[in-house]
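Given next are the chains, with one letter for each unit.
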Amino acid sequence: METLSENKAFGGTQGVYRHASTATSCDMTFGLFLPEEARDGMVPVLWYLSGLTCTHENAMTKAGAQTWAAEQGIALVFPDTSPRGEGVADDEAYDLGQGAGFYVNATQTPWAPHFNMWDYLADELPALLGDKFAVDLNRQAITGHSMGGHGALTLAMGLPGRFRSVSAFAPICNPSASDWGRKQLTAYLGEDEANWANHDATLMMRKTGFNGPVLIDTGTADQFIDLLQPEALAQAVAERRQEATLRLQPGYDHSYFFISSFIEEHIAFHADALYRD
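Parameters and conventions
Residues numbered from 1 in each chain as written. Predicted model: local features only at pLDDT ≥ 70, side-chain atom pairs only at ≥ 80, totals over all residues. Heavy atoms only, no water. Helix = DSSP H or I, 4+ residues; strand = E, 2+ residues; numbered from the N terminus. Rg over C-alpha atoms; globule rule 2.2 N^0.38 Å. Buried < 20%, exposed > 50% of the residue type's maximum accessible area, 1.4 Å probe, protein only. Phe/Tyr/Trp six-rings, centres within 6.5 Å; stacked < 30°, edge-to-face > 60°. Arc of directions from axis to C-beta. Bend = angle between axes of the 7 residues up to and from the residue. Contact = heavy atoms within 4.5 Å. Polar contact = N/O pair within 3.5 Å; in protein donor to acceptor, adjacent residues only side chain to side chain. Axes fitted to C-alpha atoms, helices over the stretch in contact; angles between N-to-C directions. Parallel < 35°, antiparallel > 145°, perpendicular 65-115°, else oblique. Left-handed = near helix turned anticlockwise from the far one by under 90°. Nonpolar A, V, L, I, M, F, W, Y, C, P; charged D, E, K, R; others polar. Salt bridge = Lys/Arg side-chain N within 4 Å of Asp/Glu carboxyl O.

Details of the overall build of the protein
Here is step 1 of the chain: Per the secondary structure count, the protein includes 9 helices and 9 strands.
Here is step 2 of the chain: Taking 277 residues into account, the globule formula puts the C-alpha radius of gyration at 19 Å, and the protein, at 17 Å, falls close to it.
Here is step 3 of the chain: Counting only C-alpha atoms and orienting by the principal axes, one finds that the protein spans roughly 50 × 45 × 35 Å.
Here is step 4 of the chain: Per-residue burial for the protein yields a buried fraction of 59% across its 277 residues.

Structure below.
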């Protein structure tokens, strides 16, 4: 593992690191904020998964999350959204290929050799963090934005017992029924829609739900709200009687201004679950 940068922030350290990934067969970069408490012992960890076109850097520099994570004594992990580099398949469209991994393990050509973001986030990166940093993998929570909100919800429901809480900002809620989903799931997983079910938060909510609290915010002025389909997930939550708070925030759009407006509440929400006995 290579340290690319480390900066003091809010009493802790904001680092950026690169390592060779077995899951994606390329180098991967991630950001990690460690609060001051990590100098003396293990701290709980909150994962932040970013959206289309983003890298590890977007949320790390725009969300303002470190302020509130430092207050709560929580580590923040900012993974990349896809494999990258020469030899990694890509597409001219912004919503497929590099920057658009959709947090799945691809089975189709030309994506399968590198696009294994599920394995990277479920297994490889947590193991690396547990080995190299003072993070308590028994106390994990997860959040994300847009495509990352989709990833946060599907990982939380797909890895029972891993995360104590899950939240999302403007998640892609029902990709099997959305143009932000059908294109990518077909490309990465093939045309058999049965293979998509474990990567659709609405379908997973109906089937398994999540054993813990859920918080989701979406702006009513979100320019992509028809692609996100929050109403589909809301219906599944109601049908399952899932413990959840789903909020439509009047006038907010899809930007990081929206995320930074509510990140304090999301981190406090996760802190309550992470510190609960």
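What about the packing of aromatic side chains?
Here is step 1 of the chain: Under the criterion given, the structure shown has 11 aromatic pairs.
Here is step 2 of the chain: Seen from their ring centres, Tyr17 and Phe133 are 5.1 Å apart, and the 55° between their planes marks the pair as tilted. Taken as a pair, Tyr17 in strand E2 (residues 12-21) and Phe133 in the loop between helix H3 (117-132) and strand E6 (135-144) lie far apart in primary sequence, 116 residues in all. In this structure, Tyr17 and Phe133 share a single accessibility class: buried.
Here is step 3 of the chain: Taken together, the ring pairs in this structure connect Phe169, Tyr252, Phe258 and Phe262 into an aromatic cluster.

Quick notes on helix H8 (residues 230-240)
Here is step 1 of the chain: Those residues of H8 that sit buried are Pro230, Ala232, Leu233, Ala236 and Val237. One side of H8 holds all its buried residues, which, seen down the axis, span an arc of 160°. Away from the buried face of H8 by more than 90 degrees, exposed residues Glu231 and Ala238 are located.
Here is step 2 of the chain: Looking one or two places after H8, you find Arg241, whose phi comes out positive at around 60°.

With respect to H3
Here is step 1 of the chain: The principal kink in H3, of about 35°, is found at Glu124, preceding the proline Pro126 by one to four residues.
Here is step 2 of the chain: The set of residues buried in H3 consists of Met117, Trp118, Tyr120, Leu121, Ala122, Glu124, Leu125, Pro126, Leu128 and Leu129.
Here is step 3 of the chain: Looking at the packing, one finds that the buried side of H3 touches E2, strand E3 (26-34), strand E4 (43-49), strand E5 (75-78), E6 and helix H4 (147-158).

A look at the environment of Arg84
Here is step 1 of the chain: Residue position: Arg84 is located in the loop between E5 and H3.
Here is step 2 of the chain: Separated by 31 residues in sequence, Arg84 and Thr53 place their C-alpha atoms 12 Å apart.
Here is step 3 of the chain: Not counting chain neighbours up to four residues away, the residues in contact with Arg84 comprise Cys26, Asp27, Cys54, Thr55, Gln98 and Gly99.
Here is step 4 of the chain: A polar contact is formed between the side chain of Arg84 and the backbone oxygen of Cys54, at a distance of 2.8 Å.

Some points on the packing of H3 against H4
Here is step 1 of the chain: One can describe the packing of H3 onto H4 by two numbers: an axis separation of 12 Å at closest approach and a directional angle of 55°. With respect to their mutual orientation, H3 and H4 come out oblique. For the element pair H3 and H4, the recorded crossing hand is right-handed. In this structure, H3 contributes Trp118, Leu121 and Ala122 to the contact, and H4 contributes Thr154, Leu155 and Gly158.
Here is step 2 of the chain: Of the residues belonging to the contact of H3 with H4, the class tally is 4 nonpolar, 2 polar and no charged.

A short note on the pattern of salt bridges
Where charged atoms from two side chains of opposite charge come close, those side chains can pair.
Here is step 1 of the chain: Tallying each qualifying case throughout the model produces 11 salt bridges.
Here is step 2 of the chain: Across the salt bridge formed by Lys132 and Asp131, the nearest N and O atoms sit 4.0 Å from each other.
Here is step 3 of the chain: For Lys132, a relative accessible area of 48% puts it in the partly exposed group.
Here is step 4 of the chain: With its nearest N and O atoms 2.7 Å apart, the salt bridge here joins Arg182 to Glu193. Taken together, the residues span a long stretch of sequence, with Arg182 in helix H5 (residues 179-189) and Glu193 in the loop between H5 and helix H6 (201-207) at a distance of 11 residues.
Here is step 5 of the chain: A relative accessible area of 33% places Arg182 in the partly exposed class.
Here is step 6 of the chain: Judged by its relative accessible area of 40%, Glu193 falls in the partly exposed class.
Here is step 7 of the chain: In the salt-bridge network here, residues are joined through shared partners; they are Asp217, Arg247 and Glu265.

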